[in-house]
Structure formats: C-alpha cells, structure tokens
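Close look at the chain arrangement
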Amino acid sequence: MAKDEKATEETPGKGGKKKLIMIVAIALVALIGGGVGGYMMFAPKKATAEPAPTPGVVSVLDAITINLADGHYLKLKMTLQATTDAAEAPDGSKALDIAISLYSGRKMDELMSNAERDRTKKELVEKVVKAYTVDKKKEVMDIYFTTFVIQ
C-alpha cells in the first residue's frame, strides 16, 4: 500500500505542473493574439493612394532655346497633358519658365545621358504638376518632350 499512496501523492503534483504550463501557454497565446489584434484595429491606417487623374486636352507649347554651359544650346519643345479637372487648356508659361530654370547652365554631357535626361524630366514633371495644382486639383498630369536637341 505504500506504493499506491506514493503514486497518488505524486500524480496530483505532476498533473498540477502540466496544468500550470498549459494555463501559462494559453494565457501567452491570448495576450499575444490580443496585442496583435489590437494593433491591427487601432494602428494608424495607411493613406490610400489618390486615384489617378483622368487625361484631358493636350497643350502644345512653342519650342524654346535654352543656354547650356560652355556655349551650347538646348532646343526644347514640349506638350502638357492636362487633366479633366482643368477648366481650360493650361497656359504653358509656368512650365516653360520652370524648364528654363531647370536646364539653364547645365553641361551638354549631362543631358546627353539617357539616365540624366530621364531624371531631369522627372524633376521637371514634379515641379510643373505642383505649379499647376489648384485647390488640390491637378490641372496638369504629365509632360511630353516632342523636341530635345542639344547643339
């Protein structure tokens, strides 16, 4: 009988440790799950991308000649892609002024590189779109070069 008494005394102790481990594990899972769920519910929402503007009329601008460094010139002709938010075809004077400011004084070698020409065009588009944005409505969405001649 001593063996039976000893076995019954150890069983509750072993079962108690297992129960304790199970309870702690369940509590940890519940806490972690609750924390993740709470974060997902109350985390700041990512800003949704605004819908792409709808293309409108295309305004063809006159060609301009821009002085580059070392006596070289850039003949630039571009068009503005307006959006349907524009009340009328945009006047190109702002865009031409921005282009002159951006390209004046640059070295011919810089602009001969496709990578640099693409980078400066992207910069030009950003500045022009910003200049033609009124009350958070973009009136111009893109620029197209129709002539880009360096001499």
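Below is a summary of the structure that appears in this document. Quick caveat: nothing in here was measured; it's all calculated off a predicted structure.

Description of helix α4 (residues 114–131)
Compared with an ideal rise of 1.5 Å per residue, which puts 18 residues at 26 Å, α4 spans 25 Å between its outermost C-alpha atoms and is within 8% of the ideal. Within α4 the residues assigned to the buried category are E116, T120, L124, V125, V128 and V129. Here the buried face of α4 lies against β3 (73–83), α2 (93–103), α3 (108–112), β4 (133–134), β5 (137–138) and β6 (140–150). Of the residues that open α4, the one with a side-chain oxygen 3.3 Å from the backbone nitrogen of A115 is S113.

Considering the side chain of T83
Note on placement: T83 falls in strand β3. Dropping the residues within four chain positions of it, T83 is found in contact with P53, T54, P55, G56, K138, E139, V140 and M141.

Focus on unusual backbone geometry
Within the chain, D70 stands out as a residue other than glycine whose phi angle is a positive 60°. Within the secondary structure, D70 sits in the loop between β2 (64–67) and β3. Here the phi dihedral of D135 falls at roughly 50°; this positive angle occurs in a residue that is not glycine. Positionally, D135 belongs in the loop between β4 and β5.

Notes on the side chain of Q81
Counting through the fold element by element, Q81 comes out in strand β3. Of the residues examined, Q81 reaches a relative accessible area of 8% and is grouped as buried. Separated by 3.0 Å, the side chain of Q81 and the backbone oxygen of G56 make a polar contact. Once you skip the residues sitting within four places of it in the chain, Q81 turns out to touch P55, G56, V57, V58, E139, V140, M141, D142 and Y144.

Description of the nonpolar core
Considering soluble globular proteins, one finds that nonpolar side chains tend to be buried as a cluster. With 24 residues, the main nonpolar core has L74, L76, M78, L80, Y103, L124 and V128 as its most contacted residues. Contributing elements (two or more residues each) for this core: β2, β3, α2, α4 and β6. With 6 residues, α2 is the largest single contributor of residues to this core.

Some thoughts on a nonpolar patch on the surface
A contiguous nonpolar surface patch, about 880 Å² in accessible area, is contributed by L20, V24, L28, L31, I32, V36, Y39 and M40. One can find I32 in helix α1 (residues 2–42). By relative accessible area, I32 is classed as exposed at 56%.

Observations regarding the pattern of salt bridges
Per the counting criterion, the structure on display carries 5 salt bridges. The partner of E116 in a salt bridge is R106, and the shortest N-O contact between them spans 3.4 Å. Taken as a pair, E116 in helix α4 and R106 in the loop between α2 and α3 lie far apart in primary sequence, 10 residues in all. Each member of the pair, E116 together with R106, is buried. Here E123 ties to R119 by a salt bridge, and the two come within 3.2 Å at their closest N and O atoms. Taken together, the residues span about one helical turn, with E123 and R119 both in helix α4 at a distance of 4 residues. For E123, a relative accessible area of 23% corresponds to the partly exposed category. Sharing partners across several salt bridges, the network here consists of R106, E110, E116, R119, E123 and K127.

Parameters and conventions
Residues numbered from 1 in each chain as written. Predicted model: local features only at pLDDT ≥ 70, side-chain atom pairs only at ≥ 80, totals over all residues. Heavy atoms only, no water. Helix = DSSP H or I, 4+ residues; strand = E, 2+ residues; numbered from the N terminus. Expected span 1.5 Å × (residues − 1). Buried < 20%, exposed > 50% of the residue type's maximum accessible area, 1.4 Å probe, protein only. Contact = heavy atoms within 4.5 Å. Polar contact = N/O pair within 3.5 Å; in protein donor to acceptor, adjacent residues only side chain to side chain. Core = buried A, V, L, I, M, F, W, Y, C linked by side-chain atoms within 4.5 Å. Patch = residues over 30% accessible without salt bridge, like charges linked within 9 Å, V, L, I, M, F, W, Y side chains within 5 Å. Areas by Shrake-Rupley, 256 points an atom, 1.4 Å probe, with all protein chains shown as cover. Salt bridge = Lys/Arg side-chain N within 4 Å of Asp/Glu carboxyl O.

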